[in-house]
Amino acid sequence: MCIIIGRMTKRTAIIGGGAAGFFLAVNLKEMMPEMDVTIFERSQRVLAKVEVSGGGRCNCTNTFEDVRDLQSVYPRGHRLMKRLFKTFDYRQAYAWFEKHGVPLVVQDDHCVFPAAQDSHAIINSFLRLAHDYHIHICTGEKIQDLDQLAAFDYVAVTTGGSPRSEGLRWLSEKGHEIAEPVPSLFTFRIDDEQLTALMGLVIDPVSVRIAGTKYQAEGPLLITHWGVSGPAILKLSSYAARHLAENDYCQPLSINWVHQNEAEVLETLQKAILKEPQKQLTTYCPVALPQRLWAYLVDKSLSERSSVRWSELNKKDTHRLVNTLTNDSCLIAGRAAFKDEFVTCGGVALTSVNPTTLESRCQPRLFFAGEVLDIDGITGGFNFQAAWTTAYTAAIAIKNQALGEIV
């Protein structure tokens, strides 16, 4: 848990730690240089999550170019994010980092990374700014009660996601409603040795859904030694986070391996029968799939008839194969921990904060920013953007309140 404390000659600001906390601290100091700011970090290292994010490259935001509805990237908190984007959005975040010495680059998938392709570019920038602005950093400091911070005029909590509700009890005891924390952005364990034997294969794109529900996603899928991963699965895990937790991570998963409808695939298979009638079914793949995966799907569909020639494929066989390609079914047998970029669904309920300032409705001069709030996004830089946006909002609110009291 990380918390930042800020002090001014007559007023004190207490701010949060981690990515949101540093962003809040730096912006508050830029808005009010006279504010004395201290960061309290529970662990011995600051910004550890930033360091490992994005495979060590830090996917710090997104262009939002393909986003038509914020709910598609923020399963929880999209309405609040839409409001707060009027104050500070992804365009301002991009400009902010470049202004502060972190050149950025945009990938083809609209994800934004430091040009250095190294998360330390952002970490070093934060640490340099903290030094230049005389922001105090105290590591190994665990805040278990807001009464510990009674000497401060303002408190902003940016402790990140808590894996269990017990970790937020110190806030619920002050009257804040807590949305039960559950994991989000994780991979699926599939107990199918024939499938996991194909580990390393990437299929792009696929469509995936939790059978019998509205939860679905699309994008690249990676077959791993424990099951399935990749952006499509991570997005689906985010959309269905609560549903999966309530069902103990045991749900039927439907995969459309070819990202096409049944009619399109049927037509493709019928053409293959005419084009290569004498070839064995498993050796000629007419769809855009890796050969090993194609052979696995043919065997799964037709079993003992998987070795027939295309000319021997009957109507029943064809429809079985079409169904497997477009609506393959397997059972999610648990989640695999995705610790490097673990995100929590849940936290301080948005009904407990002022939607304009992110100040607590239960306790004056207490603010929240980052993942401690019940806001979380899919993979692709959206969670960091939520951290920047909420932190900037809280910084403005603290500044305005402090200046009002001075006057």
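No experiment lies behind these values; they were computed from the predicted model shown.

**As for the overall build of the protein**
A count of helices and strands for the protein gives 13 helices and 17 strands. Taken across its 407 residues, the protein has 54% of its residues classed as buried. Within the protein, counting contacts between residues at least 6 apart in sequence, those at least 24 apart form 74% of the total. Accessible surface, the protein as shown: approximately 17900 Å² in total, 49% of it carbon and sulfur. For the protein, the distance from the average site of its 41 positive side-chain charges to the average site of its 45 negative ones is 2 Å.

**Describing the sheet that holds strand S15 (residues 328-336)**
Sheet strands line up and pair through hydrogen bonds in the backbone, either parallel or antiparallel. The strand order around the closed barrel formed by six strands is S10-S13-S12-S11-S14-S15, and the pairing between neighbours is antiparallel. Adjacent strand axes in the sheet meet at a mean angle of 50 degrees when their direction is disregarded. Where strand S10 (residues 187-190) lies against strand S13 (residues 227-229), two bridges are found, and the strand directions are antiparallel. When the bridges of S13 are listed, phenylalanine 188 appears paired with valine 228. Most of the contacts of helix H12 (residues 315-327) go to strand S14 (residues 250-256), to which it runs at about 110 degrees, and overall it touches strand S11 (202-210), S14 and S15.

**As for the packing of aromatic side chains**
All told, the structure shown has 22 aromatic pairs when counted by the stated rule. On the basis of an interplanar angle of 40 degrees and a centroid distance of 5.1 Å, the ring pair of phenylalanine 23 and tryptophan 388 is categorised as tilted. Separated by 365 residues along the polypeptide, phenylalanine 23 in helix H1 (residues 18-31) and tryptophan 388 in helix H13 (residues 382-406) bring together distant segments of the chain. Each member of the pair, phenylalanine 23 together with tryptophan 388, is buried. Between tryptophan 96 and phenylalanine 126, the aromatic rings sit 6.2 Å apart at their centres with planes inclined by 45 degrees, giving tilted as the arrangement. One end of the pair, tryptophan 96, is in helix H4 (residues 90-99); the other, phenylalanine 126, is in helix H5 (residues 120-132), with 30 residues separating them in the sequence. Residue classification places tryptophan 96 among the buried positions, given a relative accessible area of 7%. Residue phenylalanine 126 is classed as buried on the basis of its relative accessible area, which comes to 0%. Each member of the aromatic cluster is reached from another via a ring pair, and the members are Phe22, Phe23, Phe88, Trp96, Phe97, Phe126, Phe384, Trp388 and Tyr392.

Conventions we followed
Residues numbered from 1 in each chain as written. Predicted model: local features only at pLDDT ≥ 70, side-chain atom pairs only at ≥ 80, totals over all residues. Heavy atoms only, no water. Helix = DSSP H or I, 4+ residues; strand = E, 2+ residues; numbered from the N terminus. Buried < 20%, exposed > 50% of the residue type's maximum accessible area, 1.4 Å probe, protein only. Contact = heavy atoms within 4.5 Å. Areas by Shrake-Rupley, 256 points an atom, 1.4 Å probe, with all protein chains shown as cover. Lys, Arg positive; Asp, Glu negative; His and termini not counted. Charge placed at Lys NZ, Arg CZ, Asp CG, Glu CD. Pairing = 2+ DSSP bridges. Axes fitted to C-alpha atoms, helices over the stretch in contact; angles between N-to-C directions. Phe/Tyr/Trp six-rings, centres within 6.5 Å; stacked < 30°, edge-to-face > 60°.

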